[in-house]
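A structural walkthrough
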Amino acid sequence: MTAAVLGLVTLATALLAVTFTSAGRRIGPAAPPMEGQTAVGSAGRHLHTFGQQRPVPIGSVAKVMTAYVVLRHHPLKSDDDGPKLQVGPADVRDYEGRRSTGQSLLEVQAGDELTERQALEALLIPSANNIADLLADWDAGSIGDFVADMNATARALGLRNTHYVDPSGFEPATVSTAVDQTRLAEHAMRIPALADIVGQRSVRLPRAGTVRNYNALLGTDGVIGLKTGTTDQAGGNLVFAARDGRRLIVGAVLGQKIGASTQDSLAQAFGVARYLIESVQRG
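Described in the following lines is the structure provided in the data block. (Residues numbered from 1 in each chain as written. Predicted model: local features only at pLDDT ≥ 70, side-chain atom pairs only at ≥ 80, totals over all residues. Heavy atoms only, no water.)

Note on strand geometry: in a regular strand, side chains alternate between the two faces of the sheet. Sheet topology places strand S9 (residues 202–205) next to strand S10 (residues 209–212); four bridges connect them, and they run antiparallel. Directly across from Leu205, in S10, lies its bridge partner Gly209. From the end of S9 to the start of S10, which pair antiparallel, there are three residues, and Arg207 there has a positive phi angle of about 70°. (Pairing = 2+ DSSP bridges. Helix = DSSP H or I, 4+ residues; strand = E, 2+ residues; numbered from the N terminus.)

Because an α-helix completes one turn every 3.6 residues, residues spaced three or four positions apart along the sequence face the same direction. For helix H4 (residues 116–124), the tally of buried residues reaches eight of nine residues, placing the bulk of the element in the interior. The set of residues buried in H4 consists of Glu116, Arg117, Ala119, Leu120, Glu121, Ala122, Leu123 and Leu124. (Buried < 20%, exposed > 50% of the residue type's maximum accessible area, 1.4 Å probe, protein only.)

Take Gln53: it is sitting in the loop between strand S4 (48–50) and strand S5 (56–57). Judged by relative accessible area, which is 23%, Gln53 ranks as partly exposed. Residues Gln53 and Thr38, spaced 15 residues apart in sequence, show a C-alpha to C-alpha distance of 8.2 Å. Once you skip the residues sitting within four places of it in the chain, Gln53 turns out to touch Gln37, Thr38, Asn161, Thr177, Ala178 and Val179. Here Thr38 takes part through its backbone oxygen, which lies 3.3 Å from a polar atom of the side chain of Gln53. Reaching out from Gln53, the side chain makes a polar contact with the backbone nitrogen of Ala178 at a distance of 3.4 Å. (Contact = heavy atoms within 4.5 Å. Polar contact = N/O pair within 3.5 Å; in protein donor to acceptor, adjacent residues only side chain to side chain.)

Another aspect to go through is the packing of helix H2 (residues 63–73) against helix H5 (residues 129–140). The interhelical angle for the contact between H2 and H5, taken along N-to-C directions, is 30°, at an axis separation of 11 Å. Our classification of the angle between H2 and H5 gives roughly parallel. Both H2 and H5 take part in a crossing whose hand is left-handed. Side by side, H2 and H5 meet where Lys63, Thr66, Val69, Val70 and His73 of the first sit next to Asn129, Ala132, Leu135, Trp138 and Asp139 of the second. Looking at the contact of H2 with H5 residue by residue, the class counts come to five nonpolar, three polar and two charged. (Axes fitted to C-alpha atoms, helices over the stretch in contact; angles between N-to-C directions. Parallel < 35°, antiparallel > 145°, perpendicular 65-115°, else oblique. Left-handed = near helix turned anticlockwise from the far one by under 90°. Nonpolar A, V, L, I, M, F, W, Y, C, P; charged D, E, K, R; others polar.)

Our next topic: the pattern of salt bridges. Under the defined criterion, the tally for this structure stands at 11 salt bridges. Arg117 serves as the salt-bridge partner of Asp81, at 3.7 Å between the closest nitrogen and oxygen. Here Asp81 is found in the loop between H2 and strand S6 (84–86), whereas its partner Arg117 is found in helix H4, with 36 residues between them in sequence. Where Asp196 meets Arg117, a salt bridge forms, and the shortest distance between an N and an O atom there is 3.6 Å. Note that Asp196 is positioned in helix H8 (residues 192–198) and Arg117 in helix H4, a separation of 79 residues in sequence. The exposure class assigned to Asp196 is partly exposed, which follows from its relative accessible area of 41%. (Salt bridge = Lys/Arg side-chain N within 4 Å of Asp/Glu carboxyl O.)

If you look at the biggest cluster of nonpolar residues, it comprises 59 residues, and the most contacted ones within it are Met65, Leu120, Ile131, Leu135, Tyr164 and Leu194. In terms of residue count, the dominant contributor to this core is H2 (seven residues). The residues contacting Leu135, other than those within four sequence positions of it, are Val70, Leu85, Ala119, Leu120 and Leu123. If you look at the next biggest cluster of nonpolar residues, it comprises 19 residues, including Ala216, Phe270, Val272 and Ile277. (Core = buried A, V, L, I, M, F, W, Y, C linked by side-chain atoms within 4.5 Å.)

Moving on: the sheet that holds strand S13 (residues 247–256). Strand-to-strand pairing in sheets goes through backbone hydrogen bonds, with the strands running parallel or antiparallel. Read from one edge to the other, the open sheet built from five strands follows the order S4-S3-S13-S12-S11, with strand pairing classed as antiparallel. If you trace the sheet from one side to the other, it starts and ends with S4 and strand S11 (223–231), each paired once. Strand after strand, the sheet turns through a mean of 5° between neighbouring axes, direction not considered. Direction of pairing for strand S3 (residues 37–42) relative to S4: antiparallel, over a ladder of three bridges. If you follow Thr38 over to S4, its bridge partner there is Phe50. Strands in contact with helix H7 (residues 178–188) are S3, S4, S11, strand S12 (235–244) and S13; relative to S13, the strand with the most contacts, it is inclined by about 145°.

Written as structure tokens, this is what we have:
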């Protein structure tokens, strides 16, 4: 190998190892999965997988199903904000009770109003756990009934290794697999309002003002959504959708760097997702 070629290889290796940022969030280098489980493929086609496809905690990735169920029951047109949701005393108590736990939340006070679209934006962009419960109660009359709807929908979609116990995914007993979440992503991206929301880099919400999307991959490698999720038990997780010409690529990365910081675990999930997307684009 000549010195010039060796220099290029060394430079390429150094560039690959660089962690860069998007919207203030770290994105790890594109790298094949080494832990957890993944799935990726073109929508409607065979999925390529890594790791044992066994049910594991998925964190806020669960909110994809929450949004899917809400929008199936209460469809939104592209230019429609939908009905208004009223914030009551119970919602405020829920918010206050979660504040000390480090969860992602949207501040609410009694008497506040959120349109359906704003509530879905709060659910999917800053990943507000309290809004997941507010939407569930509004949609089904109780959180328990809504969770039952989530599980019934999972069965109807053939997601055999998925089980929900809460609308937010904060509970570690809410579990799924990369394959199941990839299949759900296909269905979710067929709903225009949902696809529009998860493709936004930021939104303006009552009390919070402008909030950024946790999905730092938006706009990178053709990525147009979907949802991140991190908890101590779940590690870093990402369900993603990307455009490659007219082709839709969907996939999921679960269980990255469990026990690491949120920033580190998500950075690795982003890096693995980049690798998976590029592998499909090359193939």
